[in-house]
Amino acid sequence: MNSRLTRRRFIKGVIFSGAAASTGASFYLANAQSGQSSAERLVTLNINGRNRPVDVLPQETLAHTLRYKLDLTGTKLGCNRGECGACTVLIDEVPNYSCSVLTHNVKGKTVTTIEGIKAADGTLHAVQQAFIDENSPQCGFCTPGQVMSAVALLRSNPRPTRKEALQAMSGNLYRCGAYEHYLNGVMRASGQLA
Amino acid sequence: MPSHDVMPNMDLYQPVQVEDALAIADRLAERGWLVGGGQDTYGWLKDRAKSVEALIDLSGIESLRGIKETADGIEIGALTTLTEITGNDLITQRYSVLSDAAGRVASPQIRNIGTLGGNVSQDVRCWYYRRGLDCYRAGGNLCYADTPEGMNREHSLFEASRCVAASPSDTAPALVALDATMVIQSSGGERTLAAEDYFVGPAIDIENTTALRPGEILTSVRIPSTWANATFYFEKVADRNSWDFALVNIAAAFKVSGGNIEDSRIVCGAVQCTPRRVTNVENAIRGQAKNSSTAESVAAMSTDGARVLAHNGYKVPLMQNLVKRAISA
Ligand SMILES: Cc1cc2nc3c(=O)[nH]c(=O)nc-3n(C[C@H](O)[C@H](O)[C@H](O)COP(=O)(O)OP(=O)(O)OC[C@H]3O[C@@H](n4cnc5c(N)ncnc54)[C@H](O)[C@@H]3O)c2cc1C
Ligand code: FES
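Here, residues in each chain are numbered from 1, in the same order as that chain's written sequence. Think of it this way: whatever chain is written first is A, whatever ligand is written first is 1, and the rest follow in order. Where totals are concerned, whole chains, interfaces and linings use all residues; where local detail is concerned, this predicted model gives features only for residues with pLDDT of at least 70, and gives and counts side-chain atom pairs only at 80 or more. Excluded from the side-chain calculations are hydrogens and water; all other atoms, namely the structure's heavy atoms, are used.

> Even after reading the chapter, I still don't get the sheet that holds strand E3 (residues 88–91) of chain A, so can you show me in this structure?
To summarise the sheet geometry, strands pair through backbone hydrogen bonds and adopt either a parallel or an antiparallel arrangement. Residues and elements named next belong to chain A. Strands are labelled as partners when DSSP assigns at least two bridges between them. Where helices and strands are cited, they refer to DSSP runs of H or I of at least four residues and of E of at least two residues respectively, numbered from the N terminus. The sheet built from 5 strands is open, its strands ordered E2-E1-E5-E3-E4 with mixed pairing. What marks the edges here is a single partner per strand, and that holds for strand E2 (50–55) and strand E4 (94–97). For this sheet, the mean inter-axis angle between neighbouring strands, taken without regard to orientation, is 40°. In this structure, E3 lies alongside E4, joined through 4 bridges in antiparallel fashion. Residue pairing for E4: leucine 90 is matched across the bridge by proline 95. An axis is simply a line fitted to the C-alpha atoms; with a helix, the fit covers only the stretch in contact. Between two such axes, the angle follows the N-to-C directions and lies from 0 to 180 degrees.

Quick look at the structure:
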């Protein structure tokens, strides 16, 4: 059996039992039923071009939904406080910290995660390839976030100056201090570095 | 204190009309928490330093977004993001002190979702308070920052009253410099406040940084044409160039004619709990040449009345130098 299929079944199971077991759920649903216009928990999210139905608690962050309900663990949680950038994803093409966005805020929007940027045939995105070529990552934990910020930059500004790249990458921390290597990677991905 | 990865249980309201938001805010009052972009909010809740029954997410209310020209200046919806402000032509051309300030907030990702309303209504960044300690601001009877052992390098020089926390916002000084008007709605109607009066210090209200009352929503900010196309200056000094709160920032507007300063508004952030207008300097330089000798002659008076804490004495020369640079630039 296709491993992706098993994975999806497993996730559906988790969502169901999560909803049934959560104590917060009853309060929340009760409120929704009394017509006070609070949000529906069952939502369909557009993630990496696919519709993903998922049961989302009111207070749930996007990073949590992605990692623990949709098995999209490429998005990392570093600080969970908007202070590191490891969790960066694109919401309607704009980089955001998924640890600091409620999942209920992305209904009707498109979300792109690190899993969604390679080509259909598996070819890496130019930014991913350039980061490899420039030895940008060391441990690699911050890399998915770095890739997403760079992808967003190049989609809106295909030939940035190094200063523009620095600015665009300034919301992503590196523990190893490989800033120059990542910047070289961005410049290479934009075709400005031979 | 343990680090909490997951947010506590709470209810979430996502109104799309201001009227609905006002009705919910009115009904929930202190049990509800307004959310613009959530960038100040979520840390409080994740840390369990504050708790709330329900979030009222304003981000779906389209009428609270955007920047439009009015008969007397511009009006910015409170839910407009900092990124939108940074890139808006009306603002960069006529009121660049505000776009410069907005562009220096935090990081690109935070500016992409953080709102103007949230930026000016955010709570102070004293870590004792943010860690959930029972200080004056949290309803207790002690200031942990102003003790012999307290770490207060980032705290206030002026107007401390029990609490010594400093104003964290980068856009607040710019709005005061531009003499902005804050438009506030509640289910009872609308009121407006000068930006200067929107921000409140601990002597007036030790638990809130703004004049907002429960049930009220800041709906927009109006910027009059009075200071359009003035000579502006914004500078923020922080430990890091990205992602860091100001140690001191300055927003200034000058009307200059024939090299002389006709009038000015000079405002510093992070030196007291509210943006601080340096009115004695504004008065002293009126009619003077806008140059470095004028700047030199008034720099020292800009910190008159400062009361330094154990670790923030460096802010005195820092503020003086920023005032000097603003005038001589
Ligand atoms: C890592 C980090 C770094 C930061 N650095 C900076 C910095 O350098 N400079 C700076 O200025 N700020 C900084 N901030 C603070 C702040 O998060 C952002 O400035 C942001 O603009 C806040 O806006 P928001 O809409 O996300 O706020 P929210 O969290 O949504 O709201 C903040 C507060 O304002 C209230 N509020 C929001 N909108 C309204 C409204 N329309 N009416 C009434 N009340 C309202 C909320 O109830 C809440 O109490 C930083 C935050 C983080 C996490
Ligand atoms: S995990 Fe979101 S910014 Fe660090």
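> How do you make sense of the site of ligand 1 when you look at a structure like this?
A single heavy atom is enough: if one lies within 4 Å of a molecule or strand, its residue is considered near that molecule or strand. Every one of the 36 residues lining ligand 1 counts as a neighbour, but Leu34, Gly36, Thr41, Thr115 and Asn119 of chain B are closest to it. With respect to ligand 1, the chains having nearby residues are chains A and B. Polar contacts, as used here, are pairs of N or O atoms within 3.5 Å; protein pairs need one atom able to donate a hydrogen and one able to accept it. Residues neighboring in sequence count only if both atoms are side-chain atoms. Glycine 36 of chain B is positioned with one of its backbone polar atoms (N or O) 2.6 Å from an oxygen atom of ligand 1. In this structure, glutamine 122 of chain B approaches ligand 1 through a side-chain N or O atom, which is 3.3 Å from a nitrogen atom. Coverage of ligand 1 by the protein amounts to 95% of the 970 Å² it exposes when considered alone. Each accessible area is a Shrake-Rupley estimate made with a 1.4 Å probe; only the visible protein chains count as cover when residues are assessed.

> Would you take a moment to explain the interface of chain B and chain A for this structure?
The extent of an interface is frequently quoted as the accessible surface area lost upon association of the parts. Contacts were defined at the residue level, with two residues in contact if any of their heavy atoms lie within 4.5 Å. With 34 residues of chain B at the interface, the matching set in chain A holds 38 residues. Summing both partners gives a buried area of about 2,700 Å² for chain B against chain A, and 48% of it is carried by carbon and sulfur. Its largest share of buried area at the contact with chain A, chain B owes to Leu12, Gln109 and Trp243 of chain B, together 25% of the area lost on that side. Counted as salt bridges are all cases of a side-chain nitrogen of Lys or Arg within 4 Å of a carboxyl oxygen of Asp or Glu. The partner of arginine 81 of chain A in a salt bridge is aspartate 47 of chain B, and the shortest N-O contact between them spans 2.6 Å. Listing elements by their share of the side of chain B that touches chain A, those giving two or more residues are strand E1 (11–13), helix H1 (18–28), helix H2 (41–46), strand E3 (54–57) and helix H6 (108–113) of chain B. Residue contributions to the side of chain B that touches chain A peak at 6 residues, all from H6 of chain B. Amino acids outside the nonpolar list (Ala, Val, Leu, Ile, Met, Phe, Trp, Tyr, Cys, Pro) and the charged list (Asp, Glu, Lys, Arg) are all regarded as polar, and Gly is one of them. Looking at the side of chain B that touches chain A, its residues break down into 13 nonpolar, 12 polar and 9 charged. Throughout, buried area stands for the accessible area (probe radius 1.4 Å) lost by two parts on being put together, summed over both.

> I'm lost on the pattern of salt bridges in this one. Help?
When their charged atoms lie close together, side chains carrying opposite charge are able to pair. Residues and elements named next belong to chain B. Per the counting criterion, the structure on display carries 28 salt bridges over all chains. Two residues, aspartate 263 and arginine 286, come together in a salt bridge whose shortest N-O distance is 3.3 Å. Of this pair, aspartate 263 sits in strand E11 (residues 260–269) while arginine 286 sits in the loop between helix H11 (279–285) and helix H12 (292–298); the two residues are 23 residues apart in sequence, bridging distant segments of the chain. Think of it in three bands: with a 1.4 Å probe and only protein chains considered, a residue is buried below 20% of the maximum accessible area for its type, exposed above 50%, and partly exposed in between. Overall, the relative accessible area of 28% leaves aspartate 263 in the partly exposed class. What emerges from the salt-bridge pattern is a single network uniting Asp179, Glu196, Arg265, Arg277 and Glu282.

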